[in-house]
Structure formats: structure tokens, C-alpha cells
Amino acid sequence: METLKEFLIAKGYSKVKLKFTKTNHFEIKASINGIKGRFILDTGASNSCVGFEAIERFKLKVKDSEIKAVGAGASDMLTQISKSNAIKVGKWKKNRVPLILFNLSHVNNGLINHNADPVDGIIGADVLKKGKAIIDYEKKYLYLKL
């Protein structure tokens, strides 16, 4: 019998290892505009996000946004948007990906309070949808269609 991994690789997917954190999140390594970072994988986040402090690090061109961010533990947060970014997760890559910027301190404070490392941002459903993502929760892999 064929495994899920064999089936998806044969269908043109690439696999990326996920790290299960102390806070019951999956963490993933990815790069934005060629700069590596650590991100929470969040299927419930409509958009991929980074913190305001990441603007220079990831070479983002930002504009103010009238949209207010809402997330677990916070609401009505001011945002900015960066519209054209190259994102790479494993072998999968996509250009012209928009990112939402907001204050990630409440997320990182929560992680630090649970003895987990802070992250650079969140990979959300927008990227997962573009990559036709499949998550193998048992084996801790993310598969993205190349």
C-alpha cells in the first residue's frame, strides 16, 4: 500500500518538516524576500502576517491599511500591508504574495510565557490555499504543490 508521502510526492507536492511547539502550535521555517525566518502555521489565520519589527529585516515595502486586525487575545489592531513579496517554504515558492503587518508582541509574549521561542510571523490560509496545502498531523509534515 502506498503511503501518503509517496502519493503526494508522485502528485508533485514537496514536503516540509513541521516542529510541534510547547504551545501546541506547528512552527515552520520559511523565507520572505530571501531572508529566513520562523513562523507559526495557522490554518485559522486568513492572511499571512509579520510583525512591524520585521519591515527592515525582510525588506518589506509597506503602506498603511485601514483594515483592523483581529486575532486570539487581541482585536482592533492597526495594520500595514506589504503587497509584493517572494515567499519560499521548502522547495515551494510564490511571488507577489501580500503580507499583513501588525504588532505581534501579544503572540510572542504568549509564546515566551510558555517557554517557547518567539516567531517572526504567521503563515496563514492564504499561502496554504495557494500551495494546495495538505498537513500530515501525525508525521508532522506540510505538503505544498509545486
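Predicted model only: the values in this text are computed from it and were never measured.

Here is what the cut-offs are and how they apply
- Think of each chain on its own: its residues are numbered from 1, step by step along the sequence as written.
- The predicted origin of the model limits local features to residues at a pLDDT of at least 70 and limits the giving and counting of side-chain atom pairs to 80 or more, whereas totals for whole chains, interfaces and linings rest on all residues.
- Excluding hydrogens and water, the side-chain figures rest on all heavy atoms present in the structure.
- Helix numbering and strand numbering both begin at the N terminus, where a helix is a DSSP run of H or I of at least 4 residues and a strand a DSSP run of E of at least 2.
- Only the C-alpha atoms count toward the radius of gyration. The rule for a globule is 2.2 Å times the residue count to the power 0.38.
- Residue burial is assigned from relative accessible area. The probe radius is 1.4 Å, only protein chains are included, and a residue is buried under 20% of its type maximum, exposed over 50%, and partly exposed in between.
- Only heavy atoms matter for contacts: two residues are in contact if any of them lie within 4.5 Å across the pair.
- Basic side-chain nitrogens of Lys or Arg form a salt bridge, by our definition, when they fall within 4 Å of a carboxyl oxygen of Asp or Glu.
- A residue's pLDDT is the predictor's confidence in that residue, given on a scale from 0 to 100.

Chemist: What is the right way to read the overall build of the chain from this model?
Modeler: Across its full length, the chain holds three helices and 11 strands. Listing the helices and strands of the chain from first to last along the sequence gives α-β-β-β-β-β-β-β-β-α-β-α-β-β. Taking 2.2 N^0.38 as the reference for a compact globule, 146 residues should give roughly 15 Å; the C-alpha atoms of the chain span a radius of gyration of 15 Å, in line with that estimate. If you line up the chain on its principal axes, its C-alpha atoms span 50 × 35 × 25 Å. Counting all 146 residues of the chain, 42% fall into the buried class. For the chain, the share of sequence-separated contacts (at least 6 apart) that also reach a separation of at least 24 residues comes to 57%.

Chemist: Help me understand the pattern of salt bridges in this model?
Modeler: Counting across every chain of the model gives three salt bridges. A salt bridge links Glu27 to Arg38, with the nearest nitrogen and oxygen atoms 2.9 Å apart. Of this pair, Glu27 sits in strand β3 (residues 26–32) while Arg38 sits in strand β4 (residues 35–41); the two residues are 11 residues apart in sequence, bridging distant segments of the chain. Relative accessible area serves as the criterion here: at 8%, Glu27 is assigned to the buried category. On the basis of relative accessibility, which here comes to 23%, the residue Arg38 falls in the partly exposed class. When the shortest N-O distance is used, the salt bridge between Asp120 and Arg57 registers 2.5 Å.

Chemist: Can you help me understand the confidence of the model for the chain in this one?
Modeler: Any residue range with low pLDDT should be treated as having predicted coordinates unsuitable for detailed reading. Summary statistics for the chain give a mean pLDDT of 91 and a share of 92% for residues scoring 70 or more. Averaged over each element, pLDDT in the chain is lowest for strand β6 (residues 63–71) (65) and highest for strand β11 (residues 141–145) (98).

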